[in-house]
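In case you want the letters, here they are:
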Amino acid sequence: MIEGSSDAKYTGKLRYGMVGGGTGAFIGDVHRKSIALDGFAELAAGCFSRSPENTLTTGKALGLAPERLYSTFEEMAEEESRRPDKIDFVVIVTPNTTHYPAAKAFLSRGIPVVCEKPFTVEATEARELAELAKKNDLLVMVTYVYTGNVTIKQARALVKQGEIGEIKFINAEYPQEWLLAPAEKQGSKQAEWRTDPAMAGKSNSVGDLGSHIENMISYVTGLRIESLLARLDKIGPGRILDDNASILLEYEGGAKGMFWTSQIAAGYDNAFRFRIFGTKGAIQWNEEASNYLEIFRFGQPNAALSRGKDPFYPHAQSFSRIPSGHPEGYFEAMANIYKTYIGALSKKKSGETLNPEDLDFPNAEMGVDGVKFIGKCVESSEKGAVWVTI
Ligand SMILES: NC(=O)c1ccc[n+]([C@@H]2O[C@H](COP(=O)([O-])OP(=O)(O)OC[C@H]3O[C@@H](n4cnc5c(N)ncnc54)[C@H](O)[C@@H]3O)[C@@H](O)[C@H]2O)c1
């Protein structure tokens, strides 16, 4: 099946600002390129770095007006909120501990927020931000990017339709190899802050990778975690935070789960994978082959559904951009969650009513759940790997 996505419902272009994502940073540039894929919003302002020089250089390279480049996010929130042509939303792509103060600065001034995961480092902060957004009637997105994959939208629909029956067991893992070396001592900025509690928060591997797993499984299955037992390991010499973790879970309704996160797994690049087992069958997904969703129906031949070729549920299909065989990946997944979020903001701005599909992006409540999950894993591990309720 060759079918492009329909962009008919989006009119006009929104303006956005960015905090973080200066020259040399990783994810900010992914956000900018993913937003540009559909072109429903354009970058208008930024505080791209703690270094004003970096902000000026980055802003100039991106073609921004000098008066919309700010030395601090506080100044940016204040100045932007007063402009007649102010930004319609801000994107926060800084290390973790800056998420809370930055998001609060914009939400309290009436500016919608897109924030990287984890939403905050303390569950109380995440709850406060979610309440603030609700009070000020602002849409928040937390960029759990992987749920933007077409195959994940299909997985969620398929589970909801009962195609694999009642879920009994979940096995998910997210191994990487990059911190097997002491990258934090070898000039990697990304490794420096991820291994430093002052910028990463209470956890490294669970915060960085486990939060994606928690959100993914909850998005696909709709199940909520009831209790968990976690052991967080610090394998790299001198590490203060975990770089490997094993987690057992109990879900409401009785399903069991087992998660593994690792940054010391030699041979693995970004091997995020899950398997969900139900009473009628199972599904399996792997981020490094994200155009396929494997489905195993008990007693029948196994199948791999191919994005862009095989029939998908209509909502999932609507996110497919190009025919099968031309891989869609990380940028498209990010573009998909942005397309939905920006679509919802646009509709809201023009006074239209939002339907549930308009709100199919990772929201503030999911951000709160993620931070709670990280905190409970740390609590369980510190108590000696005991069961704790969520
Ligand atoms: N969703 C995903 O798949 C994904 C992937 C990577 C990173 N992330 C998240 O994105 C965030 C950033 O990660 P990264 O790898 O891009 O980090 P990075 O170190 O590459 O970039 C961080 C940027 O933030 C800037 N910064 C720091 N403090 C600032 C401040 N007070 N004001 C303005 N700018 C400031 C830095 O100068 C830098 O430009 C983290 O929260 C991380 O968890 C998410």
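### Remarks on the pairing of strand E9 (residues 256-262)
- Pairing of strand E6 (residues 167-175) with E9, which is carried by 7 bridges, proceeds in the parallel orientation. The residue of E9 that forms the bridge with Tyr-174 is Thr-261.
- As paired strands, strand E8 (residues 244-251) and E9 are joined by 7 bridges and run antiparallel to one another. When the bridges of E9 are listed, Leu-248 appears paired with Met-258.
- The turn linking E8 back onto E9 is made up of 4 residues, and Gly-253 within it adopts a positive phi angle of 95°.

### Digging into the sheet that holds strand E12 (residues 292-297)
- Pairing in this open sheet of 9 strands is mixed, and the strands run E13-E12-E11-E10-E6-E9-E8-E7-E14 from one edge to the other. Because the sheet does not close on itself, it has two edges, and the strands there are strand E13 (303-306) and strand E14 (388-389).
- Across 2 bridges, the pairing between strand E7 (residues 225-233) and E14 is antiparallel. If you follow Leu-228 over to E14, its bridge partner there is Val-388.

### Describing helix H1 (residues 27-38)
- Listed as buried for H1 are Ile-27, Gly-28, Val-30, His-31, Arg-32, Ser-34, Ile-35 and Asp-38.
- Of the surrounding elements, those touching the buried residues of H1 are strand E1 (14-20), strand E2 (41-47), strand E3 (89-93) and helix H11 (330-349).

### Comments concerning the environment of Phe-89
- Relative to the elements of secondary structure, Phe-89 occurs in strand E3.
- With 21 residues separating them in the primary sequence, Phe-89 and Gly-110 have C-alpha atoms 9.4 Å apart.
- Once you skip the residues sitting within four places of it in the chain, Phe-89 turns out to touch Leu-14, Arg-15, Tyr-16, Gly-17, Ala-41, Ile-111, Pro-112, Val-114, Tyr-338, Tyr-341, Ile-342 and Leu-345.

### A look at the site of the ligand
- By nearness alone, 28 residues border the ligand, and Phe-26, Ile-27, Asn-96, Gln-190 and Tyr-330 come closest of all.
- Measuring from an oxygen atom of the ligand, one finds a side-chain N or O atom of Ser-49 at 3.3 Å.
- Between the ligand and Tyr-330, the relevant distance is 2.7 Å, taken from an oxygen atom to a side-chain nitrogen or oxygen of the residue.
- Considering the ligand on its own, with 850 Å² of exposed area, one finds that the protein chains cover 92% of that surface.
- With respect to the pocket detection grid, the ligand is positioned in the largest pocket.
- For the shell around the ligand, the element with the most residues is helix H7 (residues 189-194), which contributes 3 residues.
- Class assignment for the residues of the shell around the ligand results in 12 nonpolar, 11 polar and 5 charged.

### Some thoughts on the pairing of strand E11 (residues 281-286)
- Within E11, 5 of the 6 residues are buried, which leaves it mostly tucked inside the rest of the structure.
- Sheet topology places strand E10 (residues 273-278) next to E11; 5 bridges connect them, and they run antiparallel. Residue pairing in the sheet places Phe-277 in a bridge with Ala-282 of E11.
- Taking the residues between adjacent antiparallel strands as the criterion, E10 and E11 are bridged by 2 residues.
- Bridge analysis of E11 against E12 gives 4 bridges, and the strand direction is antiparallel. By the bridge assignment, Ile-283 is partnered in E12 with Ile-295.
- What sits between E11 and E12 in their antiparallel hairpin is a turn of 5 residues.

Conventions adopted
- Residues numbered from 1 in each chain as written.
- Predicted model: local features only at pLDDT ≥ 70, side-chain atom pairs only at ≥ 80, totals over all residues.
- Heavy atoms only, no water.
- Pairing = 2+ DSSP bridges.
- Helix = DSSP H or I, 4+ residues; strand = E, 2+ residues; numbered from the N terminus.
- Buried < 20%, exposed > 50% of the residue type's maximum accessible area, 1.4 Å probe, protein only.
- Contact = heavy atoms within 4.5 Å.
- Near = heavy atom within 4 Å.
- Polar contact = N/O pair within 3.5 Å; in protein donor to acceptor, adjacent residues only side chain to side chain.
- Areas by Shrake-Rupley, 256 points an atom, 1.4 Å probe, with all protein chains shown as cover.
- 1 Å grid on protein atoms, 1.4 Å probe; cavity = no way out; pocket = protein on both sides within 12 Å on 5 of 7 lines; lining within 4 Å.
- Sits in = over half its atoms within 2 Å of the grid points.
- Nonpolar A, V, L, I, M, F, W, Y, C, P; charged D, E, K, R; others polar.

These results come straight from atomic positions and should not be treated as a statement about function.
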